[in-house]
Amino acid sequence: MVITAMEILSERAALIRESMHKSQAVTDGMVAILGSFDHRLSALETAMRPTQLRTHSIRRAHENIDKSLKSAQLVLSQFDLSRQAEAKILRGPHEDLESYLEAVDQLRGIIRFFNGNKSLQSTIGVVNHINSILGKSILKLEEEYRQLLNSYSKPVEPDRLFDGLPNTMRPTAASPAQSETGGLKHTAEHQNKSLETVVYHPPALIPPRILPLLHDLAYQMIQAGHHQQVFNIYREARIAVMEQSIKKLGVERLSKDDVQKMQWEVLEAKIGNWIHFMRIAIKLLFAAEKKVCDQIFEGNDSVRDQCFAEVTGNSVAVLLSFGEAIAKSKRSPEKLFVLLDMYEIMRELQVEIDIIFASKYCAETREAAVILTKRLAQTAQETFADFEEAVEKDATKTAVLDGTVHPLTSYVINYVKFLFDYQSTLKQLFQEFDNDDAVEKLAALTTRIMQALQSNLDGKSKQYKDPALTQLFLMNNIHYIVRSVRRSEAKDLLGDDWVQIQRRVVQQHANQYKRISWSKILQCLSIQGLSSSGSGSFGSEGSTNVNVSRATIKDKFKTFNMLFEEIHQRQSQWTVPDSELRESLRLAVAEVLLPAYRSFVKRFGPLIENGQNPQKYIRYKPEDLERMLAEFFDGKTFPR
């Protein structure tokens, strides 16, 4: 069994050896075949190489031909575009400006193309020809630019500018140039301006559809290097229009001498109009011109800014020159409020001026506006100081015959009251030159003005020969001052203590009036000094405490009648304009006079009534005196 297994293994080993010999033979055969095939492939490749080279060359040649054809086609298309563009340009821009501008752009593109393909033999000739056409086209564009600007540059009528104002600022029956202002009055605009939502609508100086065309024309000219022509044409077309628009509005150039020669009413009206003109010019006219420049010269800031500065410069100078003339003219108290109004408008417009005239080319305009603002502030401060001095030294000789409120008093009080409408302006004005507390400064100035007024009134009161009228005059005027202050914002600055002190001064003058006017007549009703001389006697209650003669009593009544009638005739012509003060003063006199008269008549009247012609001596009943006292201080017409 063991032998059999060994035999089997030997047989299998022999089979494996045989298989391996066969496999090696097959491998060797395959190697030989592959080697032979590789040899044949190498030979075939060697044989095909010339054919491959010829095929590659042919393909390269086709590629080059295609490229050349495409280049030639592109060149031909540029020539074709050039001919088309040239035909449009030769026809001129009048028929179709937009198409004309497109043709100019095409020619520029063609020049860029040929400048990038300088290897082409015809490049130099073509570029020169197109440049020649472009040169002619720019001249035509320049003429078109000039013609369009001149056609659409017209002076702006005032009504169009007024339409851009907020509703409450628009003139109604008359234009600003025809309006009048007077005295110390404000315009409603000054009082109500903080209550209104202010919206301005600048007019379209050139139709919106024209502005893009002007922009494209200016752009093409600038691209061609014609900056100066663009500037000159715009300046020539627009500067005259701007100056005519300002003139139509009513602006005129006035010198300091012109201003000095004017009547105040005329000058005041011109100042009021100037304030309107400044607002209209800055917020509407110049703002509209800035918008035109911005749109036409978009992308060319230097040309834009130069054009705007040139067009508006002279018109701004004319406007500011009037303000300068006012600021430099002779100062007078009535000018303070218009100076404050002018200062206000310059402060109000400062932001717009800085924005509209922001470029370096407008630096002179901005500086001129700042200088005018400061000059107005300085002149206003000096005028304020002048006013205090003028009040103290006022030498008006016109006497107030009836002792009423003097015109100076009402003028000064109205002046001060109006000043308080300008509180914020005055505070800003005070801070223009120093950092002092503006409220304290205004309070100090107001106090000094009041002191100056009272000092002047004291001097004027000495013109009266009647000392009683002196006291009545001072009482009336100080009372007017106190009442006016209490009803105004001046009270907050002057303070309650000041008001109380002045009220006591009023009472002191009233008491002095009563003493001077009525002390002598009251002495007639006094029993002191009376002595007995017979002919009957009466006491205070029908008794005989005091013995007096009938003749003495008659003299007393006669003197009383004479004095009372004289006082009544004179003081009925005097005036106490304040109704409360007038009634109070009448009552104060009645409270002293009537009881004394009643007592005297009751005590001594029977002595006279028992004699002859008693009515000759006892002319008045107490009721008559009371009625006549009610006629005092009514300011009856003086007899001629």
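Residues numbered from 1 in each chain as written. Predicted model: local features only at pLDDT ≥ 70, side-chain atom pairs only at ≥ 80, totals over all residues. Heavy atoms only, no water.

**Brief notes about the overall build of the protein chain**
Inference 1: Helix and strand counts for the protein chain come out as 21 helices and 0 strands.
Inference 2: Contacts in the protein chain between residues at least 24 apart in sequence constitute 82% of all its contacts with a sequence separation of at least 6.
Inference 3: Per element, the accessible surface of the protein chain, about 34,900 Å² overall, is 52% carbon and sulfur. (Helix = DSSP H or I, 4+ residues; strand = E, 2+ residues; numbered from the N terminus. Contact = heavy atoms within 4.5 Å. Areas by Shrake-Rupley, 256 points an atom, 1.4 Å probe, with all protein chains shown as cover.)

**Examining the pattern of salt bridges**
Inference 1: Per the counting criterion, the structure on display carries 27 salt bridges.
Inference 2: Overlapping salt bridges bring together Lys290, Asp294, Asp301, Arg304 and Asp305 as one network. (Salt bridge = Lys/Arg side-chain N within 4 Å of Asp/Glu carboxyl O.)

**Points about the packing of aromatic side chains**
Inference 1: One pass over the structure, following the stated rule, counts 22 aromatic pairs.
Inference 2: Measuring from centroid to centroid gives 5.9 Å for phenylalanine 286 and phenylalanine 357, while their planes differ by 75°, and the two rings are edge-to-face. In this pair, phenylalanine 286 is assigned in helix α9 (residues 264-296) and phenylalanine 357 in the loop between α11 (335-356) and α12 (363-393), connecting sequence segments 71 residues apart.
Inference 3: When the centroid spacing of 4.7 Å and the interplanar angle of 65° are considered together, the rings of phenylalanine 337 and tyrosine 415 count as edge-to-face. Here phenylalanine 337 is found in helix α11, whereas its partner tyrosine 415 is found in helix α13 (residues 407-419), with 78 residues between them in sequence.
Inference 4: A network of ring pairs unites the aromatic residues Tyr513, Trp518, Phe560, Phe564, Tyr597, Tyr620, Phe632 and Phe633 as a single cluster. (Phe/Tyr/Trp six-rings, centres within 6.5 Å; stacked < 30°, edge-to-face > 60°.)

**As for unusual backbone geometry**
A negative phi angle is the norm for most residues apart from glycine, just as the trans form is the norm for most peptide bonds.
Inference 1: In this model, phenylalanine 633 sits at a positive phi of 65°, which is unusual for a non-glycine residue.
Inference 2: Structurally, the position occupied by phenylalanine 633 is in the segment after α21 (622-629).

**Side note on helix α14 (residues 423-430)**
Inference 1: Looking only at α14, the buried set comprises Gln423, Thr425, Leu426, Leu429 and Phe430. Taken around the axis of α14, the buried residues stretch over an arc of 160°, which confines them to a single face.
Inference 2: Tucked inside the fold, the buried residues of α14 contact α11, α12, α13 and α15 (438-461). (Buried < 20%, exposed > 50% of the residue type's maximum accessible area, 1.4 Å probe, protein only. Arc of directions from axis to C-beta.)

**Some points on the confidence of the model for the protein chain**
Caution applies to low-pLDDT parts of the model: their predicted coordinates are not meant to be read in detail.
Inference 1: Chain-level statistics for the protein chain give a pLDDT mean of 80 and a share of 72% at 70 or above.
Inference 2: Counting interchain partners and residues more than four positions distant, the pLDDT-below-50 stretch residues 65-83 has 15 contacts.
Inference 3: Long-range and interchain partners of residues 173-195, a stretch whose pLDDT sits below 50, account for 34 contacts in this model, where long-range means more than four residues apart. (pLDDT = per-residue confidence, 0-100.)

**Quick word on helix α19 (residues 550-571)**
Inference 1: With 22 residues, α19 extends 31 Å from end C-alpha to end C-alpha; this agrees with the ideal 32 Å at 1.5 Å per step.
Inference 2: Where α19 is concerned, the buried positions are Ile553, Lys556, Phe557, Phe560, Asn561, Leu563, Phe564, Ile567, His568 and Gln571. (Expected span 1.5 Å × (residues − 1).)

**Some remarks on a positive patch on the surface**
Inference 1: Together, Lys417, Arg486, Arg487 and Arg503 give the surface a local cluster of positive charge.
Inference 2: Tracing the backbone through its elements, the reader meets arginine 486 in helix α16 (residues 467-486). (Patch = residues over 30% accessible without salt bridge, like charges linked within 9 Å, V, L, I, M, F, W, Y side chains within 5 Å. Lys, Arg positive; Asp, Glu negative; His and termini not counted. Charge placed at Lys NZ, Arg CZ, Asp CG, Glu CD.)

**A look at the environment of isoleucine 280**
Inference 1: Assignment of secondary structure puts isoleucine 280 in helix α9.
Inference 2: C-alpha of isoleucine 280 to C-alpha of proline 158: the two residues are 122 residues apart in sequence and 9.5 Å apart in space.
Inference 3: Isoleucine 280 has contacts with Leu161, Phe162, Leu165, Leu249 and Leu285, leaving out every residue within four places of it along the chain.

**A short note on the nonpolar core**
Inference 1: One finds Tyr145, Tyr234, Trp274, Phe297, Met346, Tyr513 and Trp518 to be the most contacted residues of the largest nonpolar core, which totals 159 residues.
Inference 2: Broken down by element, the residue count for this core peaks at 17 residues, all from α9.
Inference 3: For methionine 346, the residues in contact, after removing those within four places along its chain, are Trp274, Met278, Leu320, Ile353, Ala369, Leu372, Thr373 and Leu376. (Core = buried A, V, L, I, M, F, W, Y, C linked by side-chain atoms within 4.5 Å.)

**Thoughts on the side chain of threonine 446**
Inference 1: Take threonine 446: it is sitting in helix α15.
Inference 2: The buried category is assigned to threonine 446, whose relative accessible area is 2%.
Inference 3: Here leucine 442 takes part through its backbone oxygen, which lies 2.7 Å from a polar atom of the side chain of threonine 446.
Inference 4: When sequence neighbours within four positions are dropped, the list of residues in contact with threonine 446 reads Val416, Phe420, Leu493 and Leu494. (Polar contact = N/O pair within 3.5 Å; in protein donor to acceptor, adjacent residues only side chain to side chain.)

**Points about the packing of α9 against α11**
What describes two packed helices is the angle between their axes and the distance between those same axes.
Inference 1: Between α9 and α11, the shortest axis-to-axis distance is 11 Å and the interhelical angle comes to 5°. One finds that α9 runs roughly parallel with respect to α11.
Inference 2: Tallied by class, the residues present in the contact of α9 with α11 amount to 16 nonpolar, no polar and 8 charged. (Axes fitted to C-alpha atoms, helices over the stretch in contact; angles between N-to-C directions. Parallel < 35°, antiparallel > 145°, perpendicular 65-115°, else oblique. Nonpolar A, V, L, I, M, F, W, Y, C, P; charged D, E, K, R; others polar.)

**Regarding the side chain of lysine 460**
Inference 1: Structurally, lysine 460 can be placed in helix α15.
Inference 2: Taking the relative accessible area as the measure of exposure, lysine 460 reaches 4% and is therefore buried.

**Structural notes on the state of the cysteines**
Inference 1: Inspection of the entire model under this criterion finds 0 disulfides.
Inference 2: Looking at the unpaired cysteine 293, the closest cysteine sulfur is the one in cysteine 307, lying at 5.8 Å. (Disulfide = S-S within 2.5 Å.)

**Notes on the packing of helix α10 (residues 301-328) against α11**
Inference 1: Packing of α10 against α11 leaves a shortest axis separation of 12 Å and a crossing angle of 165°. Considering the angle they form, α10 stands roughly antiparallel to α11. Seen along the crossing, α10 lies across α11 with a hand that is left-handed. Judged by residue contacts, Phe308, Leu320, Gly323 and Ile326 of α10 engage Leu339, Met342, Met346 and Ile356 from α11.
Inference 2: When its residues are assigned to classes, the contact of α10 with α11 shows 7 nonpolar, 1 polar and no charged. (Left-handed = near helix turned anticlockwise from the far one by under 90°.)

**Some thoughts on the environment of arginine 235**
Inference 1: As for its placement among the helices and strands, arginine 235 is situated in helix α7 (residues 227-249).
Inference 2: Given the relative accessible area of 31%, arginine 235 is considered partly exposed.
Inference 3: C-alpha separation for the pair arginine 235 and phenylalanine 308, spaced 73 residues apart in sequence, amounts to 8.4 Å.
Inference 4: Here arginine 235 is in contact with Glu310 and Val311, once residues within four sequence places are set aside.

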